[in-house]
Amino acid sequence: MEKKILLFDIDSVIFDTEKFRSWRNNKVQEIAQIDSNRARIIFKEVKPICFKECGGYEPRYYAELVAQALDREAILPALVDVLEGAAYEDFHYQEVEKAIRALADSENFIIGIQSEGDPKTQKDKLGNLIAYFDPAYMFFYQTDKINALKNDILQHLGLLKNNVIVVDDRPQVILPLQKAGIRAILVRQGKYATEASPDELTLNSLQNNLFANILQTVFS
């Protein structure tokens, strides 16, 4: 029996991005001693620059952009120290580690990653869970994730396409994959949780039993 290949997104699937963003913003406000209104303006200004240059959040560059936007270079060391020292594992969804361990222990699956953002930061977000993921099936994208992921599955994985399932939180990622004949599950977590689902295969979280049942249905 061929192993099934599970490709997990990181943000809002494994990692609680909204919780982390709230923590990060509070830390920046605390260090910079600015109110929430001023902070919102700064965050709105630096986010697109960080994404353009790094493909997503990258702690040191983000700290540099914040210090520059505030014209307060003196706070840069403190910002870098806090943001680079973030305990990413504290932001994992509680159900995730149990589900990932169960999938890895079953020996029926190859577990991989498909994620958008700065590769190093995205790997750091996995923390000790990274040991469960096969490096040969870890795909990181800084632009145009949807088309790049689809091409990687169809071209890199080739004839294994029927053994692949993508787990993501964004309907706009799931639907093009399904149209290309790639199996995908939508996880309803994070800021896209209330968007319409393109398919009946959805999860509210990665609770082990529910996830196992859906996998059994998908691959039966």
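Worth saying up front: this structure is predicted, and the values here are computed from it rather than measured. (Residues numbered from 1 in each chain as written. Predicted model: local features only at pLDDT ≥ 70, side-chain atom pairs only at ≥ 80, totals over all residues. Heavy atoms only, no water.)

1. Here's the deal with the pattern of salt bridges
- Overall, the coordinates contain five salt bridges when judged by the stated rule.
- Close ionic contact of Glu 18 with Arg 21 constitutes a salt bridge, the shortest N to O distance being 2.6 Å. Placement of the pair is Glu 18 and Arg 21 together in helix α1 (residues 17–32), with a separation of three residues, close to one helical turn.
- We classify Arg 21 as partly exposed; its relative accessible area is 24%.
- Here Glu 116 makes a salt bridge to Arg 170, at a shortest N to O gap of 3.4 Å. With Glu 116 in strand β2 (residues 109–116) and Arg 170 in the loop between β4 (164–168) and α8 (171–179), this pair connects stretches of sequence that are 54 residues apart.
- On the accessibility criterion, Arg 170 (15% relative accessible area) is buried. (Salt bridge = Lys/Arg side-chain N within 4 Å of Asp/Glu carboxyl O. Helix = DSSP H or I, 4+ residues; strand = E, 2+ residues; numbered from the N terminus. Buried < 20%, exposed > 50% of the residue type's maximum accessible area, 1.4 Å probe, protein only.)

2. A short note on the packing of helix α7 (residues 145–156) against α8
- Relative orientation of the contacting elements α7 and α8 amounts to 35°, with a least axis distance of 10 Å. Note that α7 runs across α8; the crossing there is right-handed. Residue-level inspection shows Lys 145, Ile 146, Leu 149 and Lys 150 of α7 in contact with α8, the latter providing Gln 172, Val 173, Pro 176 and Leu 177.
- Class assignment of the residues belonging to the contact of α7 with α8 gives a composition of five nonpolar, one polar and two charged. (Axes fitted to C-alpha atoms, helices over the stretch in contact; angles between N-to-C directions. Left-handed = near helix turned anticlockwise from the far one by under 90°. Contact = heavy atoms within 4.5 Å. Nonpolar A, V, L, I, M, F, W, Y, C, P; charged D, E, K, R; others polar.)

3. Observations concerning the state of the cysteines
- Under the counting rule described, the total for this entry stands at zero disulfides.
- Lacking any disulfide linkage, Cys 50 is separated from the closest cysteine sulfur, that of Cys 54, by 4.6 Å.
- Residue classification places Cys 54 among the buried residues on the basis of a relative accessible area of 13%. (Disulfide = S-S within 2.5 Å.)

4. Describing the confidence of the model for the chain
- Predicted confidence across the chain gives a mean pLDDT of 87, with 93% of residues reaching 70 or more.
- Looking over the chain, one finds the lowest element-wise mean pLDDT in helix α9 (residues 208–219), namely 68, and the highest in helix α4 (residues 76–84), namely 97. (pLDDT = per-residue confidence, 0-100.)

5. A short note on the side chain of Asp 168
- Its place among the elements puts Asp 168 in strand β4.
- Side-chain polar atoms of Asp 168 contact the backbone nitrogen of Arg 170, separated by 2.9 Å.
- Every residue in contact with Asp 168, bar those within four places of it in the chain, is listed here: Asp 9, Val 13, Gln 114, Lys 145, Val 173, Ile 174, Ile 185, Leu 186 and Val 187. (Polar contact = N/O pair within 3.5 Å; in protein donor to acceptor, adjacent residues only side chain to side chain.)

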